[in-house]
Amino acid sequence: MIVVLTGGTGGAKFVDGLREVVAPEELTLIVNTGDDLLWWGLYVSPDLDSITYVLAGLLSKERGWGVKGDTFFCLQAMGHLGQPIWFQVGDRDLAVHLLRSRLLAEGKTLSETTAQIAARLGVNARILPMSDSRVETRIGTPIGELSFEEYFVQRWYQDPVQSVRFAGAAEAEPAPGVVDAIMLTDSVLLAPSNPITSIGPILAVPAIRQALRDTKALVAAVSPEY
Amino acid sequence: MESQGLPVSIAGVAQAYRDFLDLLVVDLRDESAAEHLRTLGVRVQCTNTIMRTAEDKAQLARAVVSFISKESAARAGGVKQQ
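Right, let's walk through the structure included here.

What counts and how
- Along each chain, residues carry numbers from 1 onward, in the same order as the chain's sequence is written.
- Written order determines the labels here, with chains lettered from A and ligands numbered from 1.
- Totals for whole chains, interfaces and linings use all residues, but because this is a predicted model, local features are given only for residues with pLDDT of at least 70 and pairs of side-chain atoms are given and counted only at 80 or more.
- What counts as a helix is a DSSP run of H or I of at least four residues, what counts as a strand is a run of E of at least two, and both are numbered from the N terminus.
- Three exposure classes are used, based on other C-beta atoms lying within 10 Å of a residue's own C-beta, which is placed from the backbone: buried for 20 or more, exposed for 12 or fewer, and partly exposed in between.
- C-beta atoms are first placed from the backbone for all residues, and any pair lying within 7 Å is then listed as a contact.
- Two strands make a pair as long as DSSP finds a minimum of two bridges between them.
- Axes, fitted as lines to C-alpha atoms, cover a helix only where it is in contact. Angles between the N-to-C directions of the axes lie from 0 to 180 degrees.
- Gly counts as polar in this scheme, as do all residues outside two lists: the nonpolar Ala, Val, Leu, Ile, Met, Phe, Trp, Tyr, Cys and Pro, and the charged Asp, Glu, Lys and Arg.
- Each nonpolar core consists of buried Ala, Val, Leu, Ile, Met, Phe, Trp, Tyr and Cys residues. Their C-beta atoms, within 7 Å, join them into a set.
- A crossover gets the label right-handed when its path from the first strand over the helix to the second runs clockwise, viewed with the strands pointing away from the viewer.
- Helices are assigned an expected span. That span is 1.5 Å times one less than the residue count.
- For classification purposes, angles smaller than 35 degrees are called roughly parallel, those larger than 145 roughly antiparallel, those between 65 and 115 roughly perpendicular, and all remaining angles oblique.
- Should the near helix be turned anticlockwise from the far one by less than a right angle, the crossing is left-handed, and should it be turned clockwise, the crossing is right-handed.

### Observations concerning the overall build of chain B
At step 1: Along its length, chain B carries 3 helices and 2 strands.
At step 2: Listing every helix and strand of chain B by position from the N terminus yields α-β-α-β-α.
At step 3: Seen through its principal axes, chain B has C-alpha atoms that stretch 40 × 35 × 20 Å.
At step 4: Within chain B, the proportion of its 82 residues that are buried is 30%.
At step 5: A separation of at least 24 residues holds for 20% of the contacts in chain B among residues at least 6 apart in sequence.

Okay, here's the thing in structure tokens:
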């Protein structure tokens, strides 16, 4: 079993390669949820979605996010209705956000909704959110504190970053299965994701960082491109 | 990385993960920086980490899986690492 900590587009690309080399049943992915946002009232988890789409063979490789061949009729209609459209949600992608939001509203956890969506899309690898509780990456800039998606997508990462914090992380528990996965595997890989904004939120959950220190597994990281 | 007081380089990555990292995989272009990290006691392996094509991605995955199986075998065999 290989356990992979991942987030962002670098992580998704790495997992895309890994699925060619390692059987999906041998992969557990622990995924950043610090970028999660409420969009049009729906719960969107950009990194969980990207990893799920990669493993289902559905990720748009041209864009690096969303579903390949997706259409954007709903986005256009929301624009006509005067709604914000800076976070581009495709129609098939939207179905996933609708289902996740519905399951969460019914009282399911983020882990449970993630597993259900992955199973429906034919994913055989195990995808775990880092935590079932809300941890939010907050980017401090000269114009104030922004969520990760506001900083990265809405404002095209143009603002100088003065600080990064992970709101809620100190009190967050790892999602069920996360600590066991790290403790019981032979090897843990940190994907070539940004160490601060994509892996940082995962490591900010105290029991996850502690598990990485305590495990007998080999812990290897792939450096992102510089 | 700068906002956290870390250099934007493989040294910064090694520092961000210093309390649990056993092995760092870096790009071939970082070979000289890798050599410096090795002198500080960090285990480093180099390969092409640039993922432009499907073959690049698979090659990186194969290289990383090969590095970790070699390291794991060396550990199991009791070979001294540093």
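From this point, things continue past the structure.
### Quick notes on the sheet that holds strand β7 (residues 144–147) of chain A
All names here are of chain A.
At step 1: If you trace the 3 strands from one edge of the open sheet to the other, you get β7-β6-β8, paired in antiparallel fashion. Each edge of the sheet is formed by a strand with only one pairing partner; in this case those strands are β7 and β8 (163–167). Here the average twist between neighbouring strands, direction ignored, is 30°.
At step 2: With 5 bridges joining them, strand β6 (residues 136–141) and β8 adopt antiparallel strand pairing. Bridge pairing in β8 places G140 opposite S163.

### Brief notes about the sheet that holds strand β2 (residues 27–31) of chain A
At step 1: Taken in spatial order, the 7 strands make up an open sheet running β5(A)-β2(A)-β1(A)-β9(A)-β10(A)-β1(B)-β2(B), and their pairing is parallel. Because the sheet does not close on itself, it has two edges, and the strands there are β5 (126–129) of chain A together with β2 (44–47) of chain B. The average undirected angle you get between the axes of adjacent strands in this sheet is 20°.
At step 2: The pairing of strand β10 (residues 218–222) of chain A with strand β1 (residues 23–27) of chain B spans 3 bridges and is classified as parallel.

### With respect to the interface of chain A and chain B
You'll often see interface size given as the accessible area lost when the parts meet.
At step 1: Between chain A and chain B, the residue contacts involve 29 residues of the former and 33 residues of the latter.
At step 2: Breaking the side of chain A that touches chain B down by element, the ones donating at least two residues are α1 (8–21), β8, β9 (187–190), α9 (206–214) and β10 of chain A.
At step 3: Take the side of chain A that touches chain B: its biggest share by element is 7 residues, from α1 of chain A.
At step 4: In terms of residue class, the side of chain A that touches chain B is built from 18 nonpolar, 5 polar and 6 charged.

### Concerning the nonpolar core
At step 1: Residues V4, V15, L29, I30 and A220 of chain A together with L24 of chain B are the most contacted members of the largest nonpolar core, which totals 81 residues.
At step 2: When residues no more than four places from it in sequence are discounted, the contact partners of L29 of chain A are V4, T6, V15, I51, A125, R126, I127 and L128 of chain A.

### Things to note about the pairing of β1 of chain B
The side chains of a regular strand alternate between the sheet's two faces.
Residue and element names in this part refer to chain B.
At step 1: Across the 5 residues of β1, 5 count as buried, placing the element largely inside the fold.
At step 2: Taken together, the 4 bridges between β1 and β2 define a ladder with parallel strand orientation. Bridge assignment links V25 to a residue of β2, and that residue is Q45.
At step 3: Taken together, β1, helix α2 (residues 31–39) and β2 constitute a β-α-β crossover, and its handedness is right-handed.

### Regarding α1 of chain A
At step 1: For α1 of chain A, which comprises 14 residues, the first-to-last C-alpha distance of 21 Å matches the rise-based estimate of 20 Å (1.5 Å per residue) to within 8%.
At step 2: Most of α1 of chain A sits inside the fold, with 11 of its 14 residues counted as buried.
At step 3: Along α1 of chain A, the residues that are buried comprise G8, G10, G11, A12, K13, F14, V15, D16, G17, L18 and R19 of chain A.
At step 4: Turning to α1 of chain A, the residues buried within the fold contact β1 (2–6), β2, α2 (46–56) and β10 of chain A together with α3 (54–76) of chain B.

### Topic: the packing of helix α4 (residues 91–105) of chain A against helix α5 (residues 110–120) of chain A
Residues and elements named next belong to chain A.
At step 1: Contact geometry of α4 with α5 gives a least axis separation of 9 Å together with a crossing angle of 140°. Classified by the angle their axes make, α4 and α5 are oblique. Considering only the axes of α4 and α5, their crossing is right-handed. Across the interface between the two elements, V96, L99, R100, L103 and L104 of α4 pack against T113, Q116 and I117 of α5.
At step 2: Its residues placed into classes, the contact of α4 with α5 shows 5 nonpolar, 2 polar and 1 charged.

### Topic: the packing of α1 of chain A against α2 of chain A
Residues and elements named next belong to chain A.
At step 1: Two elements in contact, α1 and α2, have axes separated by 9 Å at closest approach and are oriented at 20°. One finds that α1 runs roughly parallel with respect to α2. Judged by the sense of rotation from one axis to the other, the crossing of α1 with α2 is right-handed. On α2, the residues touching G8, A12, V15, D16 and R19 of α1 are D47, S50, I51, V54 and L55.
At step 2: When grouped by side-chain class, the residues that make up the contact of α1 with α2 number 5 nonpolar, 2 polar and 3 charged.

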